[in-house]
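Structural characterization, general
The lines below spell out each chain.
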Amino acid sequence: MQKQTSHRVNYRSAGELNLVDERSVDLVVTSPPYPMIEMWDRDFCVLNGAIQTALSAGECARAFNLMHEELDKVWNRLHFLVKDGGIVCVNVGDATRTVKENFQLFSSHSRIINKFLSIGFQNLPNIIWRKTTNAPNKFMGSGMLPPGAYVTLEHEYILVFRKGGKRNFKTPSEKQLRRESAFFWEERNQWFSDVWFDLKGAGQDLNHDDLRKRSAAFPFELAYRLINMFSVKGDLILDPFLGTGTTMFAAMAAERNSMGYEIDENFRRHISNKLPEFSGFANKMIQTRIASHGKFMEERLRNGNPPKFEIQTLGLPCVSRQESDMILRYIGSIEDLGDDTYKANYTDISDGAALVTTLSPPALRGAKRELNRDQIHLNLK
Ligand SMILES: C[S@@+](CC[C@H](N)C(=O)[O-])C[C@H]1O[C@@H](n2cnc3c(N)ncnc32)[C@H](O)[C@@H]1O
């Protein structure tokens, strides 16, 4: 049984990715610098001086393509590192930019889809992450006068690719780990929708003099969801553009191992500052998942749907048999092993303890009474 995970950050360019074994990665969750978004110009120009020349000359199609060629080097490498049946999730936004008074869209998501198809990945249904903004200046162009007003970009993409066919779980222990990695039925209904409305952008302030002003981080929930959706406990998750470490932290919370690359060494301090408080955050989030599930099951019961199955380790009812072997664990401790390597240790959530700490007493009593009536075994203390 997996009760520890390991995590490593490599402060070097993702163009290398040579510290990862071939065919060792189960899932990639990442968000690269976005081509033609001005905040990333400098990063791209450092990688290839011709990008600066193209930008200065107003040759935007050429600059866009050269930027993507830098990302292509990373995508090419992923094809060797990802296992057969492994998945790659790329969060990216398209860019709008005015070059020489000419406003246009630079469609990074379609460029990246074409690249992944060309190197042998299959595209699975993608997710639109809808990020609404109420900024007063969100509309661009000619205002109320047609036809020169421009539609506002209020979404990003999470592109989903698979290497080869469906992943096989062959041995009994592989099958068991898969069952233990199940998520709640109601989470499936929410997570596997192709438009995510419910995720707010992550806080962007970094508050470190030596770091850029905006973190460009994606929200913890985005990485945590994708990891739960597309990998199992004990898997290796890779993020070639780790930034503030969101993917690593989400992997820790989800009992997966992780490896990250980040070119800016100044994130080291940011990540180590976050570590001491992280287990508290992660465990609260696990409690919230369990409490939300308890409330969801209460609601179903009130609507005349008595539960048929039980999650053994949590002593909680559930909708489907697939959830019944699910195991959630708290993070017991996180050790800093030096050399940008960390180890997370986990503790079991014992029967009923999860509910006792998360549901309010009246809700708890109600759940117990209702469920007993339906002959569901609940070991509530
Ligand atoms: C969009 S941000 C990713 C943010 C991250 N998902 C998070 O939650 O913090 C892209 C990151 O890639 C890093 N980066 C840019 N070029 C890189 C390269 N060649 N190799 C590795 N990291 C790079 C940037 O410093 C930045 O932190």
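Look up a bit, the structure's there.
The rules behind each value
- Along each chain, residues carry numbers from 1 onward, in the same order as the chain's sequence is written.
- Thresholds applied to this predicted model are a pLDDT of at least 70 for local features of residues and 80 or more for the giving and counting of side-chain atom pairs; totals over whole chains, interfaces and linings are not thresholded and use all residues.
- With C-beta atoms placed from the backbone, the exposure class of a residue follows from how many other C-beta atoms lie within 10 Å of its own: 20 or more, buried; 12 or fewer, exposed; in between, partly exposed.
- Only DSSP runs of H or I covering at least 4 residues are called helices, and only runs of E covering at least 2 are called strands; the numbering of each starts at the N terminus.
- Note: two strands are recorded as paired if DSSP finds a minimum of 2 bridges between them.
- Here, axes are lines fitted to C-alpha atoms. For helices the fit covers the stretch in contact, and angles between N-to-C directions go from 0 to 180 degrees.
- Angles are sorted into four bins: roughly parallel if under 35 degrees, roughly antiparallel if over 145, roughly perpendicular if 65 to 115, and oblique for all others.
- Handedness of a crossing is defined here by the sense of rotation of the near helix relative to the far one, left-handed for an anticlockwise turn of less than a right angle and right-handed for a clockwise turn.
- Two residues qualify as a contact pair if the distance between their C-beta atoms, derived from the backbone, is within 7 Å.
- Lys, Arg, Asp and Glu make up the charged group, whereas Ala, Val, Leu, Ile, Met, Phe, Trp, Tyr, Cys and Pro make up the nonpolar group; the residues left over, Gly among them, are polar.

This paragraph deals with the pairing of strand β1 (residues 4-10). Along a regular strand, successive side chains alternate from one face of the sheet to the other. Judged by which residues are buried, β1 turns out to be one-sided: T5, H7 and V9 face inward and are buried, whereas Q4, S6, R8 and N10, on the alternate face, are not. Across four bridges, the pairing between β1 and strand β12 (residues 257-261) is parallel. Its bridge partner lying in β12, V9 is registered against G260.

One can describe the packing of helix α2 (residues 49-56) onto helix α3 (residues 60-81) by two numbers: an axis separation of 8 Å at closest approach and a directional angle of 160 degrees. In terms of orientation, α2 lies roughly antiparallel with respect to α3. Every pair of crossing elements has a handedness; the one defined by α2 and α3 is left-handed. Residues A50, I51, A54 and L55 of α2 lie in contact with α3, whose contacting residues are R62, A63, L66 and M67. Here the residues of the contact of α2 with α3 sort into seven nonpolar, no polar and one charged.

This brings us to the sheet that holds strand β9 (residues 155-163). Ordered in space as β10-β6-β9-β3-β2-β11-β12-β1-β16-β15, the ten strands form an open sheet in which the pairing is mixed. Among the strands making up the open sheet, the edge pair consists of β10 (195-196) and β15 (329-338). Taken strand by strand, α3 contacts β2 (25-30), β3 (82-92), β9 and β11 (236-239), and its axis lies near 150 degrees from that of β3. Sheet strands in contact with helix α9 (residues 267-302) are β1 and β15, and its direction is about 170 degrees off that of β15.

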